[in-house]
Each structure stands twice: as structure tokens, then as C-alpha cells.
Amino acid sequence: MRFSNWLVASILFLGAGTTWAQCENLFFSEAAEGSSNNKYLEIYNPTSEAVDLAGYAFPSVSNAPDNGAGNYDFWNTFPEGASVAPGDVYIIAHPSADPTILAEADHTFTFLSNGDDGFMLVQGDSESFVQIDAVGDWNGDPGSG
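Residues numbered from 1 in each chain as written. Predicted model: local features only at pLDDT ≥ 70, side-chain atom pairs only at ≥ 80, totals over all residues. Heavy atoms only, no water.

1. Let's talk about the pairing of strand β9 (residues 118–124)
Right, on to step 1. β9 sits mainly inside the fold: five of its seven residues count as buried.
Right, on to step 2. Where strand β4 (residues 56–57) and β9 come together, two bridges link them in antiparallel fashion. Each bridged residue has a counterpart across the sheet, and for Ala 57 the counterpart in β9 is Val 122.
Right, on to step 3. Examined bridge by bridge, strand β5 (residues 60–61) and β9 share two bridges and lie antiparallel to one another. Its bridge partner lying in β9, Val 61 is registered against Gly 118.
Right, on to step 4. Here β9 pairs with strand β10 (residues 129–135) via six bridges, running antiparallel. Note on β10: the bridge partner recorded for Leu 121 is Asp 133.
Right, on to step 5. What sits between β9 and β10 in their antiparallel hairpin is a turn of four residues. (Buried < 20%, exposed > 50% of the residue type's maximum accessible area, 1.4 Å probe, protein only. Helix = DSSP H or I, 4+ residues; strand = E, 2+ residues; numbered from the N terminus. Pairing = 2+ DSSP bridges.)

Written out as C-alpha cells, the structure reads:
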């Protein structure tokens, strides 16, 4: 009987101190690079509110950055009126992707190319932004590895 009391007390004590971390901003939940043009980026909204994408962008680097390591080559914005519902995803797909991908896409973007490219999800404008998340590398061509 003593052991079971100890076990219950331990579980209650440990459970009382447990907190669950909750993300409070958007993030890339998936980056798919299928064959040919079957490519997409998926952005997840973990919050309980819709997020207007007017204050966000997804700048990119193609292979080795032209503007120096850590700097974007292209400033890519979301279409006017774009938003992500709470608990939902926003999908950016290549316009020539398979119809099953395009059926889920919220936005098409031609320059989703190979694994040498890097994308960031940022908040702000092209002159002053905060990095939210990243897929790939902005520091240089990672090579064929």
C-alpha cells in the first residue's frame, strides 16, 4: 500500500509541474521537393486566431547567395488578402506541380526549385525583418551532399 501511495503522489507531483510549450507564431511545417515541379512549402498557424500574411514574407536564396552569406536574393511576398486560419496550413506550390498538390495550394510560386535553395519565413519588410523560421541554407551552396 505504501508503494501505491508513493506512486500516485509522484505522478500528481510531476503532472502538476508539467507545462506544454505552445508555439505563438507561424512556422514551416513541411517542405517537399518531389520530382520535376512537384514542390511546395507548407506554413502552419498554431495559434487560435487567423493570421493575416500582409506583415510576412518568404525571401529566398538560390544556390550560393548573390548578396553575400546570410542575405536574401529575392524578396517574396504573399498575395494581398492572404491569411492562415487557426490550426490550418498555407501551401505555396509550384504552378506546374501535380494536380493533387495544386488542389491543396493557396498560392503558386514558380521559383521553388532544388535543394540548394533556402527560404525564410519572416515578419517585417525587405529592409527590416525578423526571422521566424527557415528551410534550407542562406550561407552558401551546400554542394551535392
